[in-house]
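Spelled out from the first residue to the last, the chains are:
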Amino acid sequence: MYCCRKVTDDLYWVGANDRKLPRFEGVYAVPNGMAYNSYLLLDEKTVLFDTVDAAVGERFFENVEHVLDGRSLDYVIVQHMEPDHSATLAQLIARYPEAEIVCSAKTTGLIGQFAPGLQVSAKAVKEGDTLPVGRHTLSFVAAPMVHWPEVIMTYDAADGILFSADAFGSFGALNGALFADEVDFERDWMDEARRYYTNIVGKYGPQVQSVLKKAAALDIRMICPLHGPVWRENIGLITEKYDRWSSYTPEEKGVVIAYGSVYGHTENAAEILSAMLREAGVKTAVYDVSVTPAADIIAAIFRMSHFVIASATTNNGLFVKTEDLLHDLAAHNIQNRTAAVIENGSWAPAAAKLIREQLSGCKNVQILEKSVTVKSALAPGQREELAALADAIRETI
């Protein structure tokens, strides 16, 4: 049976939640599930904003049918062609063949790739174009690489609503609470919003900055993203976070310590360093790269000002999970941080050199000269070396 919610008097949420999905995009664990948002506007013309993932298609079509209540569907705006928002597009057109697709020019090519043979009427729009549908006149905002090249956002001036595609989204099923003000967002959702941004959009900070500048010129009273809660109050909370994340500005001063340890000795060094920093009043977060997914550690590094990579040397190279983390960290364009290194190697320590090489391409990442080399296990006197490293980190904070 249908499950929808009113967003405004004539706008409805017709999306659905998936709590069985183990990993979003096959990579990111979603223990709290995933929401696929779609919105249906009832004006003189009816307008659907995006579709949903195939996994929740049945509920989505029940919702659309219920809200339309016998009316035809005039337009479907495809803001983002990624399959979690378009996998049910062909089925939608089969059910509502009179509907005209509205999308960017780049999207028209992607429709043919994802739905070969789909015969549709598509209206290509660009930034600044408008679509009058009655009381509402919709205008379009180009948002290339946030986070695909074809993305457009839609702005409804009548009610001040920005339909923001994947921007301002979050991991997590809605659980009946459509609006961010219906939950304790900072306590229960912010970590998932950060993890979503850093891993899905994080590489494209300059493009997000460009969209934020465009958004600042609009009278935005509500944000309707394609994942996560709708924003109708305290919108500045999420836009300020996006400004920080996309400018690679730390949210707080502190140190993320990510270690890769084979027999526990590198872990021991990481824990001693963390204890020393805590004693000096510095906030720390410690992660075992073999246990904690890289996506979670990357989100923590985006949050804090400093990070330490501690790694064993294996096969004359980096511990494999450390190498994976560093590859992902660089790929997500981390910038404007201070880093430090601890290495371990029983006969030929090489981790420090390799960590520095991996981080060398990251913009404005200062790597402290002070480091610690462990040979098998911490030796007498090496607590002093770790204390010196803690001091060097603390002095930069």
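Residues numbered from 1 in each chain as written. Predicted model: local features only at pLDDT ≥ 70, side-chain atom pairs only at ≥ 80, totals over all residues. Heavy atoms only, no water.

### A short note on helix α10 (residues 294–303)
One turn of an α-helix holds 3.6 residues; hence residues three or four places apart share an orientation.
In step 1: Among the 10 residues that make up α10, seven are buried, leaving the element largely enclosed by the rest of the structure.
In step 2: Buried residues of α10: Ala295, Ile297, Ile298, Ala299, Ala300, Ile301 and Phe302, and no others. (Buried < 20%, exposed > 50% of the residue type's maximum accessible area, 1.4 Å probe, protein only. Helix = DSSP H or I, 4+ residues; strand = E, 2+ residues; numbered from the N terminus.)

### Quick word on the pairing of strand β21 (residues 337–344)
In step 1: β21 sits mainly inside the fold: eight of its eight residues count as buried.
In step 2: Across the two faces of β21 the burial is the same, with Arg337, Ala339, Val341 and Glu343 and Thr338, Ala340, Ile342 and Asn344 all buried.
In step 3: Where strand β19 (residues 304–314) and β21 come together, seven bridges link them in parallel fashion. Across the sheet, residue Ser311 finds its bridge partner in β21, namely Glu343.
In step 4: Handedness of the β21-helix α12 (residues 351–359)-strand β22 (residues 365–374) crossover: right-handed. (Pairing = 2+ DSSP bridges. Right-handed = clockwise from strand over helix to strand, strands pointing away.)

### Focus on the packing of helix α6 (residues 190–201) against helix α8 (residues 235–246)
Packed helices, taken two at a time, are described by the angle their axes make and the gap between the axes.
In step 1: In the contact formed by α6 and α8, the axes pass within 11 Å of each other and the chain directions differ by 40 degrees. Here α8 runs oblique to α6, going by the angle between their axes. Read as a crossing pair, α6 and α8 show a hand that is right-handed. Between α6 and α8, the residues in contact are Met190, Ala193, Arg194, Tyr196 and Tyr197 and Leu237, Lys241, Tyr242, Trp245 and Ser246, respectively.
In step 2: When grouped by side-chain class, the residues that make up the contact of α6 with α8 number seven nonpolar, one polar and two charged. (Axes fitted to C-alpha atoms, helices over the stretch in contact; angles between N-to-C directions. Parallel < 35°, antiparallel > 145°, perpendicular 65-115°, else oblique. Left-handed = near helix turned anticlockwise from the far one by under 90°. Contact = heavy atoms within 4.5 Å. Nonpolar A, V, L, I, M, F, W, Y, C, P; charged D, E, K, R; others polar.)

### Things to note about the pattern of salt bridges
In step 1: In this structure the tally under the stated criterion is 21 salt bridges.
In step 2: Between Asp296 and Arg195 there is a salt bridge whose closest N-O contact spans 3.8 Å. Note that Asp296 is positioned in helix α10 and Arg195 in helix α6, a separation of 101 residues in sequence.
In step 3: Overall, Asp296 belongs to the partly exposed group, its relative accessible area being 28%.
In step 4: A salt bridge links Asp219 to Arg221, with the nearest nitrogen and oxygen atoms 3.2 Å apart.
In step 5: Residue Asp219 is classed as partly exposed on the basis of its relative accessible area, which comes to 45%.
In step 6: Judged by relative accessible area, which is 38%, Arg221 ranks as partly exposed.
In step 7: One network of salt bridges, with partners in common, ties together Asp191, Arg194, Lys241, Glu251, Glu252, Lys283 and Arg303. (Salt bridge = Lys/Arg side-chain N within 4 Å of Asp/Glu carboxyl O.)

### Considering helix α1 (residues 57–68)
In step 1: Between the first and last C-alpha of α1 there are 16 Å, a value that for 12 residues agrees with the 16 Å anticipated at 1.5 Å per step.
In step 2: If you check which residues of α1 are buried, you get Gly57, Phe60, Phe61, Asn63, Val64, Val67 and Leu68. Seen along its axis, α1 keeps its buried residues to an arc of 160 degrees; they face one direction. The exposed set on the far side of α1, more than 90 degrees from its buried face, consists of Glu58 and Glu65.
In step 3: Lining the buried residues of α1 we find β2 (11–13), β7 (39–42), β8 (46–49) and α3 (89–95). (Expected span 1.5 Å × (residues − 1). Arc of directions from axis to C-beta.)

### Re the pairing of strand β13 (residues 137–142)
In step 1: Pairing analysis gives three bridges linking strand β12 (residues 130–132) to β13, with the strands arranged antiparallel. Each bridged residue has a counterpart across the sheet, and for Leu131 the counterpart in β13 is Leu138.
In step 2: In sequence, β12 turns back onto β13 through a hairpin of four residues, with Gly134 there showing a positive phi of about 135 degrees.
In step 3: Two strands pair when backbone bridges link them, and β13 and strand β14 (residues 152–156) are joined in this way by five bridges, in the antiparallel orientation. Across the sheet, Val141 pairs through a bridge with Met153, a residue of β14.

### Digging into the sheet that holds strand β11 (residues 122–124)
In step 1: Taken in spatial order, the seven strands make up an open sheet running β1-β2-β7-β8-β9-β10-β11, and their pairing is mixed. The two strands at the open ends of the sheet, each matched to only one other strand, are β1 (5–8) and β11. Direction aside, the axes of adjacent strands within the sheet are offset by 25 degrees on average.
In step 2: Pairing of β7 with β8, which is carried by four bridges, proceeds in the antiparallel orientation. Each residue of the ladder has a partner; that of Leu42, found in β8, is Thr46.
In step 3: Contacts from α1 reach β2, β7 and β8, with the element oriented near 10 degrees to β7.
In step 4: Strands β10 (100–103) and β11 of the sheet are contacted by helix α4 (residues 105–114), whose axis makes an angle of about 125 degrees with β10.

### Re the sheet that holds strand β16 (residues 222–224)
In step 1: Taken in spatial order, the five strands line up as β12-β13-β14-β15-β16 in an open sheet, and their pairing is mixed. Only two strands of the sheet have a single neighbouring strand rather than two, namely β12 and β16. Taking each pair of neighbouring strands and ignoring which way they run, the sheet shows an average axis angle of 20 degrees.

### Describing the side chain of Asp50
In step 1: Looking at where Asp50 falls in the secondary structure, it is placed in the loop between β8 and α1.
In step 2: No salt bridge forms around the buried Asp50; measuring N to O, its nearest opposite-charge neighbour Lys214 is 16 Å away.
In step 3: A polar contact is formed between the side chain of Asp50 and the backbone nitrogen of His80, at a distance of 3.5 Å.
In step 4: When residues no more than four places from it in sequence are discounted, the contact partners of Asp50 are Ser38, Phe60, Ile77, Val78, Gln79, His80, His85 and Leu226. (Lys, Arg positive; Asp, Glu negative; His and termini not counted. Polar contact = N/O pair within 3.5 Å; in protein donor to acceptor, adjacent residues only side chain to side chain.)

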